[in-house]
Amino acid sequence: MLLSPAGVEALRTALTRAHFTSNGIAGRLGAQATGGVARNDFRAALRATEDRDPLATLIRVFICDQTEPDAAVAAALAPLTVSEALAGGLVERYGDGLRAGVDLEPYGDEWWVLADVPASARPGKPLHAEHVLGIGGATQTLIGATVRRPVETALDLGTGSGVQALHLATHARRVTATDVSERALRFAATTAALNGQDWELLRGDLVAPVAGRRFDLVVSNPPFVVGPGTTTHVYRDSGRVGDAIGAELAAAAPHLLTDGGTMQYLANWVHVTGEEWDERVASWFAGTGLDAWVIQREVADPMAYVNLWLTDVGEAADPQRMAAWLDWFDAHKVEAIGFGIVSLRRAGHDEPIVRVEDLRQRVEPPMGDHIAAWFDRQDWLRVRDTDALLAARYRAAEGLQLRQEATMGDEGWAVDRQVLAMPRGLRWSEEIDPLVLALVGGADGRLPLRDQLALLAAAHDVTPGELAEAAGPIVAHLVERSIIEPVTD
C-alpha cells in the first residue's frame, strides 16, 4: 500500500470527519461552483474555499490542484501526519507549500479512489511508465456495462486503481484483482483498504496470475490501444500488435469461467479495407463455445485516434511518434478503429450465439441490465423451436413507436419506409414491412402467435403454413431485440 494500515485508517478518519465526499463537496461549493469544477473551471470553487477549514483545504488540494500552506494541509489530514502523507506520496512539496501527489477522488458518497494525477493537471510533466489511471470514460463505460447479479467469485483483470473491484465487491463474495504493474497494485491495495474492502491482489500479465482458476464473473478494462505493439505506458499499451489483445482475452475466457459464468471487457478493433469489421471480431470467438454479444459504441479515424492517445500521455508534440503510428495503420490498411464492449457467457450449449452489432445510439442506463436481459432472452429462445414460438403469446414493448416516411403523389401520401423505434432501453430501430407491422401491432398478449398468424394469413391472402414458416426467425429476432416480449403469466 501507499500508506501503512494505521496511515490508511488515519486518512479515512480525516476524510470522513471533513465530509470529503461527493455530496459533502457539492454541498460546500454549491451548484455553480460544482458545475465549474466538472469543466475544470475552479474559480468559483476557490472563492468558496478561501477560509481554509479542513474540507476547504482538501478541496483546494485534491480537487483544484492548488498548493497550500503546510499548516492548513496538516490540519486537514490529521490524524494522518504530513510526514506520513509525504512518505506515501499522498502530497508533495511544491514551491512554498504542499500540493497533491496523487489523485484522491471522492467516488459516490461512500468511496474514495487513489490514482496518479492526470496528465491534464500537470501539463509538460511526462507520465510515469506505470501511470495509474483514475476514473475515466472507459472506466465508467465498463462499470455501467457490467452485469450486477450476485456471484460467489469475481475477477478484475488489469485492476489499475481498483475501481472495477470496488463495484465487484458489492455483489461478489470474493474478489480477485490482477495487474502487471506492482505500482498499480499498491494503489489498488490502498483504495481497497481505504474503503474497508479486502481483495486478493496478484501481479502478472493478463490471465497468467490466475491460470487454472475459474470465476463466476470476469471484467477487464485492459490496455486495449491498437498499434504496432510498442509499449511506453502500461495502462495503454499491451505489447500486442494490432487488436490482438481482444482476441487473446476471448481465447482465454473459456478457461476462466465457471459454468454459467460471464466475462465482460472493453476492446478496440481495426476496420481493415476490404474486410467486414464484424466478421473480423466474430472470428475471435470461433471454437470458444461461448455465447458472445459485442457492441460497437464508437468509431474513430486513425488520425483522431492517434491524436487522442498521444494527448492522453502528453506526447501530442512528438511528430515522429505520430508519423510512425499512422504509417503502421497505412501499412495494415486500417481505415478506422472501433471501440466497444465484449460480453461472453459460458452457457454450455453446442451451438453458441454470437452477435456483433453496431450500437452507437444513446441508451438508457445501466447497460449491464440490458446485457443481462439479452442473455436471458437467448436462454428463452434457445429451448424453443418454431412450434413453441408459435404457441407463445407476445406483447409489444411498452412505448414502442412507429415512424413513417412518405412521399406525396397524385393519389396522396405513399409510404416509402416504416420503422419501429424503441424510446427506452437500447433504443433500437427496425425497418419493417407491412406484414411485420401487422404482427407487432396485433401483439397484445391475448392470442397465441399461431392464432394471430391465422388471422393475418386470411387478411393477406397467404396460407397459414407459409406465414408460420416465415414468421419463426422474424419473431426470434424481434424477441432478441425486445421489440416484442413473451407473456409468461
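Predicted, not measured: the structure shown is a model, and the values here were computed from it.

Draft legend 1. Quick look at the pattern of salt bridges. Taken as a whole, this structure holds 34 salt bridges when the rule is applied. Here Glu68 and Arg60 are joined by a salt bridge, their closest N and O atoms 3.0 Å apart. On the basis of relative accessibility, which here comes to 3%, the residue Glu68 falls in the buried class. Taking the relative accessible area as the measure of exposure, Arg60 reaches 8% and is therefore buried. Residues joined by salt bridges that share partners form a network here, namely Asp65, Glu92, Arg99 and Arg122.

Draft legend 2. Layout of the UniProt feature "domain: Methyltransferase small" (unreviewed entry) in the protein. Look at the UniProt record and you will see "domain: Methyltransferase small" (unreviewed entry) annotated at residues 138–268. Between the end C-alpha atoms of residues 138–268 there is a gap of 11 Å, over a span that is 31% helix and 28% strand.

Draft legend 3. Examining the pairing of strand β16 (residues 429–432) more closely. Residue alternation in β16 divides its side chains into a buried set, Glu430 and Ile432, and an unburied set, Ser429 and Glu431. Where strand β15 (residues 412–421) and β16 come together, four bridges link them in antiparallel fashion. Each bridged residue has a counterpart across the sheet, and for Ala421 the counterpart in β16 is Ser429.

Draft legend 4. Fine view of the domain arrangement of the protein. Here the protein is partitioned into domain 1 (5–100), domain 2 (137–376) and domain 3 (386–486). Using only C-alpha atoms to locate each centre, domain 2 and domain 3 end up separated by 36 Å. Taken residue by residue, the interface counts twelve residues in domain 2 and seven residues in domain 3. When the two sides are added together, the surface that domain 2 and domain 3 hide from each other amounts to roughly 920 Å², 45% of it contributed by carbon and sulfur. Considering only the surface of domain 2 that becomes buried against domain 3, Glu357, Gln361 and Glu364 emerge as the three largest contributors, covering 44% of it. The interface formed by domain 2 and domain 3 holds three salt bridges in total.

Draft legend 5. Expanded view of the sheet that holds strand β9 (residues 257–272). Strand order in this open sheet of eight strands is β7-β6-β5-β8-β9-β11-β10-β12, and the pairing throughout is mixed. One side of each edge strand has no neighbouring strand; the edge strands of this open sheet are β7 (200–203) and β12 (354–358). Pairwise comparison of adjacent strand axes, ignoring direction, gives a mean angle of 20 degrees for this sheet. Judged from the five bridges that link them, strand β10 (residues 291–300) and β12 form a sheet pairing that is parallel. Considered in β12, the bridge of Ile295 is made with Glu357. Helix α14 (residues 367–382) rests against β9, β10, β11 (334–345) and β12 of the sheet, and its axis sits at about 140 degrees to β10.

What counts and how
- Starting afresh in each chain, residues are numbered from 1 along the sequence in its written order.
- Per-residue local features of the predicted model are confined to residues with pLDDT of at least 70, and side-chain atom pairs are confined, for both listing and counting, to 80 or more; whole-chain, interface and lining totals are unaffected and use all residues.
- The side-chain figures draw on all heavy atoms in the structure; neither hydrogens nor water molecules are used.
- Whenever a carboxyl oxygen of Asp or Glu lies within 4 Å of a side-chain nitrogen of Lys or Arg, that contact is scored as a salt bridge.
- In this scheme, a residue with accessible area under 20% of its type's maximum is buried, one over 50% is exposed, and one in between is partly exposed, where area comes from a 1.4 Å probe on protein chains only.
- UniProt positions are given in the numbering used here, feature names are shortened, and annotations may be inferred rather than shown by experiment.
- Strands here are runs of E lasting at least two residues and helices are runs of H or I lasting at least four, both read from the DSSP assignment and numbered beginning at the N terminus.
- Note: two strands are recorded as paired if DSSP finds a minimum of 2 bridges between them.
- Here the limits of each domain have been adopted from an automatic or database domain assignment.
- Any two residues having at least one pair of non-hydrogen atoms within 4.5 Å are treated as being in contact.
- Defined in terms of a 1.4 Å probe, buried area is the accessible area two parts forfeit on being brought together, summed over both.
- To define axes, lines are fitted to C-alpha atoms, for helices over the stretch in contact only, and angles between the resulting N-to-C directions are given on a 0 to 180 degree scale.

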